[in-house]
Each structure stands twice: as C-alpha cells, then as structure tokens.
2 protein chains.
Amino acid sequence: MSEPGGANRARSEAMLPFDDRGLAYGDGVFETVLVRDHRPTLWQAHHARLIRGCEVLGMRAPDRDALEAAFAGAPGLKVTKLIVTRGSGGRGYLPPAQPKVRLRWRSTAFAPDTARWSAGVEVGLCRLRLSRQPALAGIKHLNRLENVLARAEWREEKIAEGLLADQQGWLTEATAMNLCWHDGRRWFTPPLEQCGVAGTLRAALLEAGLLEIAPLHLDELARARALCLINSVQGLWPLRRLHFPIQREPFEPPLADAHLALQRSAHQLLGYHR
Amino acid sequence: MSEPGGANRARSEAMLPFDDRGLAYGDGVFETVLVRDHRPTLWQAHHARLIRGCEVLGMRAPDRDALEAAFAGAPGLKVTKLIVTRGSGGRGYLPPAQPKVRLRWRSTAFAPDTARWSAGVEVGLCRLRLSRQPALAGIKHLNRLENVLARAEWREEKIAEGLLADQQGWLTEATAMNLCWHDGRRWFTPPLEQCGVAGTLRAALLEAGLLEIAPLHLDELARARALCLINSVQGLWPLRRLHFPIQREPFEPPLADAHLALQRSAHQLLGYHR
C-alpha cells in the first residue's frame with residue numbers, strides 16, 4: 001500500500017463528471033470496508049466480490065494495488081467506501097469497447113453500535129418487495145433504489161433495520177445487512193440467486209461452516225427460533241422483535257441466546273473480539 | 001427561460017461530489033429531450049414524467065424554470081439530457097429529511113437517423129429478462145444496469161436495437177425505445193406496470209388515441225402483423241426483422257406499410273414533418 005500522498009488524495013476526492021456512467025446508469029460497483037489501523041477487514045472477501053461484480057458487468061477491475069491505496073491515511077477504526085464505475089463514454093447504454101474505469105474512495109471514522117450487540121434490535125418488515133433479477137443478484141452494484149425506497153419507509157429511531165422479502169415472499173436480507181435464521185439446531189442464511197447483496201461477513205461465516213444456505217418464506221416465519229442481522233461493519237445484531245406493516249402482532253423469536261456463539265465468531269473475524 | 005450565462009453554464013457543467021446519491025445509489029431521475037432552437041419537444045410529457053419520478057422517489061423536483069434554463073444556449077437541433085439527483089447526505093440508504101436536489105444537464109448537437117425511418121431496422125431479442133418491480137416501473141430513474149447489460153449483448157452495427165421481455169416473457173420495450181405492435185387493425189403498446197420506461201412519445205400517441213395499451217407475450221409474437229420502435233428523439237423505426245438469441249428463424253412482420261400513418265403522427269409531434 002502506498003502512503004497518503006498528493007496524487008492519492010487528489011484521486012480519492014476528485015469529483016465525477018456529468019457523463020460518468022456510474023451517475024448516468026449506476027454502471028459500477030462499490031464496497032464498504034472496515035479498516036483498522038490501515039488493515040482492511042475481510043479484504044479477501046471484499047476484493048473477491050468487487051472482482052466478481054466487475055466480471056458480471058463486463059468491465060476490468062482496478063488493480064489490487066490501486067484499490068489498497070485507499071486504506072492509507074490516518075490510523076484508527078474507519079470505514080472506507082470504494083466506488084468503481086465504468087468511467088465515461090459509450091453510446092448511450094452501450095458501454096465503450098475499452099472502458100477506462102474510475103476509482104474513488106472516502107474514509108470516515110467509525111465506531112460500531114455495541115449496545116445493539118447485547119440488547120439486540122427491533123426490525124420492521126418493509127412493504128417494498130425486492131425484484132428478482134438473477135443477472136445482478138449477489139453483487140454490490142450501484143443500482144440501489146430498492147434499498148433507498150425500503151429504508152425510506154421508516155424514520156423511528158427504535159427501528160434499527162428493515163427486513164426485505166422478494167416479490168414471491170422469500171425473506172432475503174435487510175436494507176444494508178444480511179439475514180440469518182436458526183431452526184433450533186443450526187444457523188442458516190437465505191440464498192441470494194434472485195436478488196440481494198451477498199455480504200462479506202456472510203461469505204466468511206459460510207466458508208467457516210458456521211452458516212448454511214436455506215430459504216425461509218414469510219409464511220413459515222415461525223420456523224425461525226432465532227434471527228440475526230450481520231454485516232462486515234456493524235457485526236452481528238440479534239433480532240429481538242419484528243414489526244409488520246399490517247395489523248399483526250410483532251414476531252419475537254423464542255431463543256434469546258442462540259446467537260452468542262455465531263456473534264463471537266463474527267466479531268472475531270471483524271477484530272471486535274480477540 | 002433564462003439566457004445562457006456564466007452561472008447557468010457553471011451549474012450545468014459542474015462535476016458531482018463523491019457522496020452524491022445519484023452516483024452512490026442511482027437515487028434520481030433523468031430526461032433526454034429533443035430541443036429545436038431552444039424549444040423542448042414534448043416538454044409537457046417530459047416534465048410530467050420527471051415530476052412523477054421525483055414523487056415516486058419521495059423527493060422535491062426542481063422548479064420548472066430551473067429545468068427550462070437547460071434549453072438556452074446555441075440554436076439548432078440538440079438533445080439535452082437533464083439529471084436530477086437527491087443530492088448529498090442522509091445516513092447510508094436513508095435519504096436526508098430535507099434533501100437539496102442537484103440538477104445537471106448537457107446539450108449535444110443531434111441529427112436523427114432518417115434512413116431508419118424509411119428502411120426500417122433489424123432488432124435482436126435480448127437474453128436478459130427485465131425484473132418486475134411495480135414500485136419503480138414507468139419512471140426514468142438512474143438505476144439502468146438492466147439496460148446497460150442488455151445493450152452490451154451485441155455490437156453488430158446492423159442490429160439497431162434490442163427487444164426486452166420481462167421475467168415472465170411479456171414483451172416490454174427495447175433498451176432505449178418503446179415497442180408498438182399492430183394486430184392488423186390497430187396499434188398497441190405493452191403495459192408498463194411491472195417494468196420498463198414509459199416514453200414521452202408513447203404517452204403523446206396514447207393521449208392522441210393513436211395507440212392503445214395491450215400486452216403481447218413472446219409466445220404469441222405471431223399476433224403482431226407489424227412492429228415498430230419509438231422514442232422522443234429518434235422518432236419511429238419500423239421493425240423489419242427480429243433475430244433471436246436461440247436457433248430460430250428471424251421473425252419478419254408481414255405488414256410492411258402499417259406504420260406509415262403512426263409514423264407521420266409521431267414525426268409531426270416531434271417536428272420532423274410539418
């Protein structure tokens with residue numbers, strides 16, 4: 001990784017032109033990385049998803065060195081957001097044959113909401129249903145209007161996240177986190193082949209064998225004896241109460257401590273517990 | 001409308017910051033307007049769609065005067081692209097409570113491809129199927145990765161456009177144009193309640209009673225005795241031959257001149273024939 005320098009800073013903070021395809025069409029991908037004293041957390045998973053996203057969109061990814069330059073700068077706990085767009089050019093939707101991809105980033109000081117680790121969170125089921133598009137599922141592309149509309153459904157501070165089902169009622173994710181559910185014996189996370197973003201903490205827990213993939217339909221919510229939300233920045237939040245947008249009693253998963261082992265592993269992966 | 005001035009030009013060409021929500025999430029809308037000697041064509045329909053798009057996204061649209069300032073500048077035939085984003089701010093996907101929307105535009109000299117008006121075009125059926133999302137259907141928002149992926153399916157010059165069906169096989173639109181089909185008696189255009197962009201020329205032809213809404217499934221393509229593609233910049237292209245991504249004979253609609261009356265009306269609306 002290079003030191004924070006003039007050229008680096010200039011690139012990281014440079015504005016984007018009107019004709020950038022990231023702005024025009026959402027033609028690009030992004031990553032939000034937890035960085036501790038210049039060391040990106042779960043970087044292998046973030047990098048792999050970024051590469052995969054560029055492949056799906058048919059564009060060359062920036063070199064790893066160029067990406068890792070974003071983690072220079074002041075020490076401490078930060079979140080670094082990387083945006084990679086297909087750059088300018090092309091004829092309308094048609095991408096240029098040899099796009100010059102554009103890389104930008106910004107780092108922000110960060111502290112996780114540790115109260116939520118222990119107390120858990122209340123979550124609302126969103127009215128919006130995710131559309132199904134296998135050609136874009138899983139990657140972290142810049143077309144995020146569904147997430148924006150879903151997140152705009154509530155402003156009450158006591159609701160920490162919004163749960164999303166797809167058009168057919170399959171529970172998929174939360175607006176900015178992945179969903180895990182426990183059947184009384186093991187932890188599962190829904191498949192993301194039709195929609196949703198495949199999070200990096202989810203990937204790491206799957207790889208570690210601590211999580212398996214299994215679908216959960218809204219109509220069979222009672223199969224979930226425990227629920228939690230995860231991402232690579234916030235860690236793991238146990239879900240204490242799920243509110244519905246219709247007249248229906250909130251759902252409170254009965255197992256209160258089922259998440260403790262998974263949370264410990266997740267937080268070790270993120271460097272929150274050592 | 002105001003004169004082309006320093007402030008105007010500065011705003012129109014100003015770059016966008018990293019944290020603009022148009023870049024981050026595609027959180028905004030756009031319009032592509034045919035402008036003849038400062039007069040925007042079908043402006044009422046463009047303006048109405050932009051207002052409706054902002055309503056759907058839950059943001060205030062710029063004042064009409066601010067939008068119309070984009071049509072100043074040199075005379076001649078141009079295409080002016082307007083982009084309206086929700087601006088900067090918010091907490092992640094959560095929009096700011098009082099967003100300061102950002103307006104940008106660019107004008108480009110334009111000449112329609114008149115050879116296609118008379119000779120018609122060859123079109124390919126895209127492999128990509130549009131996802132169904134009633135919450136976003138019809139508006140011209142900035143989440144256009146499906147269009148980009150569909151348009152990236154071919155580079156042969158002889159293929160003028162790509163036809164798109166939705167996940168259930170309903171013909172919807174082309175990558176940048178709307179579809180019209182003729183049953184031997186009347187012209188129809190598919191409904192756009194699940195996906196697609198409701199074009200302004202389509203809206204004007206519907207309002208004039210020259211077009212009606214009716215679905216057409218891929219499996220019943222032979223019901224179409226004639227096909228054409230329309231938009232507010234290019235006008236109307238008769239579709240001469242439709243190629244398939246699988247081994248199948250191209251489809252050639254039998255009625256060669258059914259489009260002439262509709263084309264005349266469309267081109268009058270665009271000022272191409274008087």
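Residues numbered from 1 in each chain as written. Chains lettered and ligands numbered in written order. Predicted model: local features only at pLDDT ≥ 70, side-chain atom pairs only at ≥ 80, totals over all residues. Heavy atoms only, no water.

Residues and elements named next belong to chain B. Taking strand neighbours across the sheet as the criterion, the four strands line up as S2-S1-S3-S4 in an open arrangement whose pairing is antiparallel. Edge positions in the sheet fall to strand S2 (39-40) and strand S4 (102-109), since each has one partner strand and no second. Where strand S1 (residues 28-36) lies against strand S3 (residues 77-85), nine bridges are found, and the strand directions are antiparallel. Looking at S3, one finds that Gly-28 is bridged to Thr-85. (Pairing = 2+ DSSP bridges. Helix = DSSP H or I, 4+ residues; strand = E, 2+ residues; numbered from the N terminus.)

Residue and element names in this part refer to chain A. A large share of strand S11 (residues 226-231) lies buried, amounting to six of its six residues. Pairing between strand S8 (residues 178-182) and S11: five bridges, direction antiparallel. Note that in S11 the partner of Trp-181 across the bridge is Leu-227. Both S11 and strand S12 (residues 235-243) contribute to a ladder of four bridges, which runs antiparallel. Among the inter-strand pairings, Ile-230 is bridged to a residue of S12, identified as Leu-236. Linking two consecutive strands that pair antiparallel, namely S11 and S12, is a turn of three residues. (Buried < 20%, exposed > 50% of the residue type's maximum accessible area, 1.4 Å probe, protein only.)

After a rotation of 180 degrees and a shift along the axis of 0.0 Å, chain B superposes on chain A with an RMSD of 0.0 Å. These values place the two chain copies in the arrangement generated by a two-fold rotation axis. Comparing interface residues between copies, 100% of those in chain B also sit at the interface in chain A, which points to an isologous, same-surface contact. (Least-squares fit on C-alpha atoms with pLDDT ≥ 70 in both. Contact = heavy atoms within 4.5 Å.)

It is worth spelling out the pattern of salt bridges at this point. Considering all chains together, one arrives at 28 salt bridges over all chains under this definition. With a closest N to O distance of 3.5 Å, Asp-19 of chain A and Arg-106 of chain B form a salt bridge. In this pair, Asp-19 of chain A is assigned in the loop between helix H1 (6-13) and helix H2 (21-25) and Arg-106 of chain B in strand S4, connecting two distinct chains. With a shortest N-O distance of 3.6 Å, Glu-122 of chain B and Lys-158 of chain B are connected by a salt bridge. Note that Glu-122 of chain B is positioned in strand S5 (residues 121-130) and Lys-158 of chain B in the loop between helix H6 (145-151) and strand S6 (159-166), a separation of 36 residues in sequence. We classify Glu-122 of chain B as buried; its relative accessible area is 19%. One salt-bridge network, in which partners are shared between bridges, spans Glu-122, Lys-158, Arg-241 and Glu-252 of chain A. (Salt bridge = Lys/Arg side-chain N within 4 Å of Asp/Glu carboxyl O.)

Each aromatic ring pair is summarised here by two numbers: the centre-to-centre distance and the angle between the ring planes. Tallied over the entire structure, the rule returns eight aromatic pairs over all chains. Relative to Phe-71 of chain B, the ring of Trp-43 of chain B has its centre 4.9 Å away and its plane inclined at 80 degrees; by these criteria the two rings are edge-to-face. You can see Trp-43 of chain B sitting in helix H3 (residues 43-57) and its partner Phe-71 of chain B sitting in the loop between helix H4 (64-68) and S3, a full 28 residues away along the chain. Taking the relative accessible area as the measure of exposure, Trp-43 of chain B reaches 7% and is therefore buried. Ring geometry for Trp-117 of chain B against Tyr-272 of chain B: centres 4.8 Å apart, planes inclined by 45 degrees, an arrangement best described as tilted. Of this pair, Trp-117 of chain B sits in helix H5 (residues 114-119) while Tyr-272 of chain B sits in the segment after helix H8 (260-269), and the two are 155 residues apart along the sequence. A residue is classified by how much of its surface remains accessible, and Trp-117 of chain B, at 10% relative accessible area, is buried. Relative accessible area serves as the criterion here: at 15%, Tyr-272 of chain B is assigned to the buried category. Above the ring of Phe-244 of chain A, the side-chain terminus of Arg-248 of chain A is found at 3.9 Å from the ring centroid. Over the ring of Trp-237 of chain B we find Arg-116 of chain B; its NZ or CZ atom is 4.7 Å from the centre of that ring. (Phe/Tyr/Trp six-rings, centres within 6.5 Å; stacked < 30°, edge-to-face > 60°. Lys NZ or Arg CZ within 6 Å of the ring centre and 35° of its normal.)

Everything listed here is a matter of coordinates, which is why it stays silent on function.
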